[in-house]
Amino acid sequence: MALTGLEIYKHLPKTNCKDCGFPTCLAFAMKMAAKQVSLDKCPHVTPEAKAALESAARPPIQLVTIGADAQELKIGNETQLYRHEEKFYRPTLLAVRVWDTLEPTALSARLEAIAGLTFERVGTKVGVELVAVDNASGDAARFESLARQAVEVTGRPAVLMSAKADNLQRAARALSGKRPLLYISDPQQALAAAAVAKAENCPLAVRAESLEALAELTSKIAATGLEQIVIDPGARGLKGTLEALTRIRRAALKNFRPLGYPAIAFTTAATPLLQVVEASTYVAKYAAIVVTDLIERWQLLPVLATRQDIFTDPQKPVAVQPKLYTVGEVGAESPVLVTTNFSLTYYSVEGEVEASRVPAYILSVDTEGTSVLTAWASDKFNASTITKALKASGIEERVAHRKLILPGLVAVLSAGVEDESGWLVQIGPKEASGISSYLKNQWKN
Amino acid sequence: MSIPEVKEKWSARVSEVTIGATPAQGGTRARTVTIGGAGGIPFLSFDGALPHPPAIAIDVLDKQPVGWPKPLEEVYGDVWADPVQWARRAKELGADLINLRLTGIHPDEGDWPPSKAVEIVKAVLEAVDLPLIVWGCDFPEKDQRVMPKVAEAAQGERCLLGAVSQTEYRTLTAAAQAYGHTLIAASPCDINIAKQVNILVTDMGFPLSDIVIYPSTAALGYGMEYIYSILERGRLAALSGDKLMAQPVILDVGFEAWRVKEARADEEMADAWGPLAYRGPAWEAVTATDLLQGGADLLIMRHPEAIRAVREAVGQLMQGDGK
């Protein structure tokens, strides 16, 4: 947890020497608490105080880096149990698994499929970030060769999974400089794997049979100086995994250091749809990495959509690009609906227009991502912003008429819009749910 | 190494609502469905018991739907012209309740008289012995004429009637109260309005214990997170003792999931997103299971594959819980 200014002040020299650039030690402490200045600005702080402050300032969940250079991915540093309290910061990484026991043709096909797991959804590119290479054979040479091939074909950083520390070392060396995540499945070999991870400058994921055993293990590994740790509570199945992930997050946020690491979860259900449900649930409920066997596009799309939704910043309204959209085969006589660029508002309108099956234009006015009433109240949705968007959209070249449909909630704007734009205003329904019926039955050009 | 106790100290539980009435209780249902009662964050046995698994109601329309995508047409196309046949199909598919939508009474959709709605409700009640949810058409003037008649015709069956809102609540509340039904209280993704509706309805003398909250619903990928957070906030409030947020929650999952592009676009998106036959049910299933993690007690659903997946997931999540 973050320290208060007074807690920080206790550890400072209290000499008010001003060498840090602040008038007093207390002022410096306050700035530090606000994260506006770092401790290294104080030249006189004792090593003991420095150690105490740094360990207290460590975030409750360790930040871990996987991959290198342009492919660097970060997990951890989460601070909340519920997204509405602030937000979830670092979207869960998805890893699709391949096994070094697969036949060469099946293997190539699977790697090619993983390479293509990128999607375009609501204007954003989303996809699978990692390839999980499973040393199912137990053979070091096969593992090493697949590690190279997997990273090369998929173009993604790897999670190297083995029960043997020696095999991890061999595969990690083959990927030197690429910073794969090493995953040691045998707890007995975890310390040996930690030495490998340190030597190869890689993060390490460890597994144990219980949270208690896991806490013990991470403490031992941290004592060797390796802090880039990811934890697998060992539980499998929806229930056990959900409970373990929640316990880990809650304990970490209570500043229990031995579980203060990002967690890795595995989908294991018997049917693909259940694995989709599993993966989505772990994304929503605190997993930093989900390793899955899923590979079909219909299977991964809902998981990726879950991630997009859950990791949206709840404080920040989500906006669509303010512009002219079309639904269906529009023509010169198609209706023109005006709305805001708050994504929920826009997609509600778009959904209803689609449902009506009346081809239409939707003009999304830039209201800084706020809804109709909020934008109206803050004067971002008014006669002049609507007129400006209308003129800039090019709609006047696309339709023969000059009639626009205004949301019923802002009927009060109609006279102003008519005066400024020269368009005739028709008052649409107050709720998006009425649009479909309005277009089908009431709207007339 | 011992790890810290992480169970939260909750001071209250979600209330329970029972829908339907058996002959012994003055109705004709074969059994009742009780929802709610959660004493902790969903599906965490260490946090608090969940006495009842989330229930699933299957959608039945009073007349043939327009624009339902192919995966749904394959399941219901042969029965959807007849609500009675459709309700029987819903029961075969394992519904806990029937969710009947009166769409044909809407002035734009047929403008059927109250008598026709009553006839359909009675026929469905007669044909299928599951507890019944009935929604009006969301056109207040018409619902005010129809729903009291429906409530009267179903007297004693303890249906769940929807929906009252901040602006339209008097007629339906009075009807539910007069004929012994439970009520859906709707609010547009807003906790304060949800509370306000509960206050308005209970001010009329309707018991808080017979209310189910409908906080509105959004599909996966289309604002689902707003509902997710409303559910989480509502549940945290309920567990912390806020009596006006302690009611169980109903979500309209099928309706929302099946109208988004991911559950409708067919051939044109098959290469990019995979076949609709799998993608559609997956969209509905994941919308449901994601929102269940937020905290929901009754789901309205459509596709049997999605329903099966939700049932299986709930079965696993409830291990060690329930009765």
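All values reported here derive from a predicted model rather than from experimental measurement. (Residues numbered from 1 in each chain as written. Chains lettered and ligands numbered in written order. Predicted model: local features only at pLDDT ≥ 70, side-chain atom pairs only at ≥ 80, totals over all residues. Heavy atoms only, no water.)

## Digging into empty space enclosed by the protein
Threshold: Space inside and on the surface of the protein is sampled on a 1 Å grid over the protein atoms alone, with a cavity defined as a set of points where a 1.4 Å probe fits but cannot get out and a pocket as an open set with protein on both sides within 12 Å along at least 5 of 7 lines; lining residues have an atom within 4 Å of a point. Grid points are joined across faces, edges and corners, and a volume is the space filled by probe spheres set on the points. Secondary structure counts use DSSP, requiring at least four H or I residues in a row for a helix and at least two E residues in a row for a strand, with both numbered from the N terminus. Any residue outside Ala, Val, Leu, Ile, Met, Phe, Trp, Tyr, Cys, Pro, Asp, Glu, Lys and Arg is labelled polar, Gly included; the first ten of those are nonpolar and the last four are charged.
Under the defined criterion, the tally for this structure stands at 4 cavities of 30 Å³ or more. Counted as a void, the largest cavity has a volume near 150 Å³. Lining the largest cavity we find 18 residues, and of these Glu 78, Arg 249, Pro 262, Tyr 286 and Ala 288 of chain A sit closest to its centre. The element contributing the most residues to the lining of the largest cavity is helix H9 (residues 238–253) of chain A, with 4 residues. Residue composition of the lining of the largest cavity, by class: 13 nonpolar, 2 polar and 3 charged. Taken as a whole, the second largest cavity holds about 100 Å³ of empty space. When residues of the lining of the second largest cavity are traced back to their parent elements, those giving at least two are helix H6 (191–203) and helix H7 (224–239) of chain B. For the lining of the second largest cavity, the leading source of residues is H7 of chain B, giving 4 residues. Here the lining of the second largest cavity is composed, by residue class, of 8 nonpolar, 3 polar and 2 charged.

## Details of the side chain of Arg 101 of chain B
All names here are of chain B. Defined as follows: Under the rule applied, a polar contact is a pair of N or O atoms within 3.5 Å (in protein, one hydrogen donor and one hydrogen acceptor; residues adjacent in sequence only if both atoms are side-chain atoms). Should any heavy atoms of two residues lie within 4.5 Å, those residues are counted as being in contact.
Along the chain, Arg 101 turns up in strand E4 (residues 97–101). Of note is the side chain of Arg 101, whose polar atom sits 2.7 Å from the side chain of Asp 59. With residues up to four places along the chain from it excluded, the contact list for Arg 101 reads Asp 59, Val 60, Leu 61, Asp 62, Trp 135, Asp 252, Phe 255, Ile 300 and Arg 302.

## Quick word on the sheet that holds strand E6 (residues 160–164) of chain B
Residue and element names in this part refer to chain B. Defined as follows: Any two strands with at least two DSSP bridges between them are considered paired. To obtain an axis, a line is fitted to C-alpha atoms, over the contacting stretch when the element is a helix, and the angle between two such axes runs from 0 to 180 degrees between their N-to-C directions.
The strand order across the open sheet formed by 8 strands is E8-E7-E6-E5-E4-E3-E10-E9, and the pairing between neighbours is parallel. Where the open sheet ends on each side, the last strands, each with one partner, are strand E8 (211–214) and strand E9 (250–251). Summarising the sheet, strand E3 (residues 55–61) and E4 pair through 5 bridges and their orientation is parallel. Paired with Val 60 across the strands is Leu 100, a residue of E4. In the packing of helix H5 (residues 170–179) onto the sheet, the strands contacted are E6 and strand E7 (182–186), and the crossing angle to E6 comes to about 160 degrees.

## Brief notes about the pairing of strand E1 (residues 16–19) of chain B
Residues and elements named next belong to chain B. The condition that has to hold: Exposure classes here rest on a 1.4 Å probe applied to the protein chains alone. A residue is buried below 20% of its type maximum, exposed above 50%, and partly exposed in between.
Residues Val 17 and Ile 19 line the buried face of E1, whereas the alternating positions Glu 16 and Thr 18 sit on a face that is not buried. Two elements, E1 and strand E2 (residues 33–36), share 4 bridges in a ladder whose sense is antiparallel. Bridging across to E2, Glu 16 finds its partner in Gly 36.

## A short note on the interface of chain B and chain A
Going by this rule: When two parts are brought into contact, each loses some accessible area as probed by a 1.4 Å sphere; the total of that loss over both is the buried area. What makes a salt bridge here is a side-chain nitrogen of Lys or Arg within 4 Å of a carboxyl oxygen of Asp or Glu, nothing more.
In this complex, chain B contributes 58 residues to the contact, which on the side of chain A involves 52 residues. Here chain B meets chain A over a buried area of about 4,800 Å², counting both sides, of which 63% is carbon and sulfur. Area buried by chain B at its contact with chain A is led by Met 1, Ile 3 and Glu 225 of chain B, which between them contribute 14% of it. Joining chain B to chain A, the criterion identifies 5 salt bridges. When the shortest N-O distance is used, the salt bridge between Arg 259 of chain B and Glu 352 of chain A registers 2.4 Å. Looking at the side of chain B that touches chain A, the elements that each hand over two or more residues are H7, helix H9 (267–273), helix H10 (276–295) and helix H11 (304–317) of chain B. Take the side of chain B that touches chain A: its biggest share by element is 9 residues, from H10 of chain B. Among the residues forming the side of chain B that touches chain A, the class breakdown is 28 nonpolar, 12 polar and 18 charged.

## Observations regarding unusual backbone geometry
Most peptide bonds adopt trans geometry, and most residues besides glycine take a negative phi value. Along the chain, Gly 162 of chain B connects to Ala 163 of chain B via a cis peptide bond; the corresponding omega equals -10 degrees. At Glu 368 of chain A, a position not held by glycine, the phi torsion is positive, near 55 degrees. Residue position: Glu 368 of chain A is located in the loop between strand E15 (360–365) and helix H13 (372–377). For Glu 368 of chain A, a relative accessible area of 55% corresponds to the exposed category. The backbone phi angle of Arg 158 of chain B is positive, close to 50 degrees, even though this residue is not glycine. Along the chain, Arg 158 of chain B falls in the loop between helix H4 (140–153) and E6.

## A look at the pattern of salt bridges
Residues and elements named next belong to chain B. For the coordinates displayed, the defined rule picks out 35 salt bridges over all chains. Note that Arg 311 and Asp 96 form a salt bridge whose closest N and O atoms lie 3.0 Å from each other. Of the two residues, Arg 311 sits in helix H11 while Asp 96 sits in the loop between helix H2 (83–92) and E4, which places them 215 residues apart along the sequence. Taking the relative accessible area as the measure of exposure, Asp 96 reaches 15% and is therefore buried.

## A word on the sheet that holds strand E3 (residues 93–99) of chain A
Consider a sheet: its strands pair through backbone hydrogen bonds, and that pairing is either parallel or antiparallel. All names here are of chain A. Overall, parallel pairing links the 8 strands, which are arranged E10-E9-E8-E7-E6-E3-E12-E11 in an open sheet. Every other strand in the sheet has two partners, leaving strand E10 (229–232) and strand E11 (264–266) as the edge strands with one partner each. Averaged over all pairs of adjacent strands, the angle between strand axes in this sheet comes to 25 degrees, irrespective of strand direction. Note that E3 and strand E12 (residues 289–292) share 4 bridges and pair parallel. Bridging across to E12, Leu 94 finds its partner in Val 290. Strands in contact with helix H10 (residues 272–284) are E3, E11 and E12; relative to E12, the strand with the most contacts, it is inclined by about 170 degrees.

## Quick look at the domain arrangement of chain A
The line we're drawing: An automatic or database domain assignment provides the domain bounds reported here.
By domain assignment, chain A separates into domain 1 (5–57), domain 2 (64–310) and domain 3 (324–442). Taking the mean C-alpha position of each, domain 1 of chain A and domain 3 of chain A sit 55 Å from one another.

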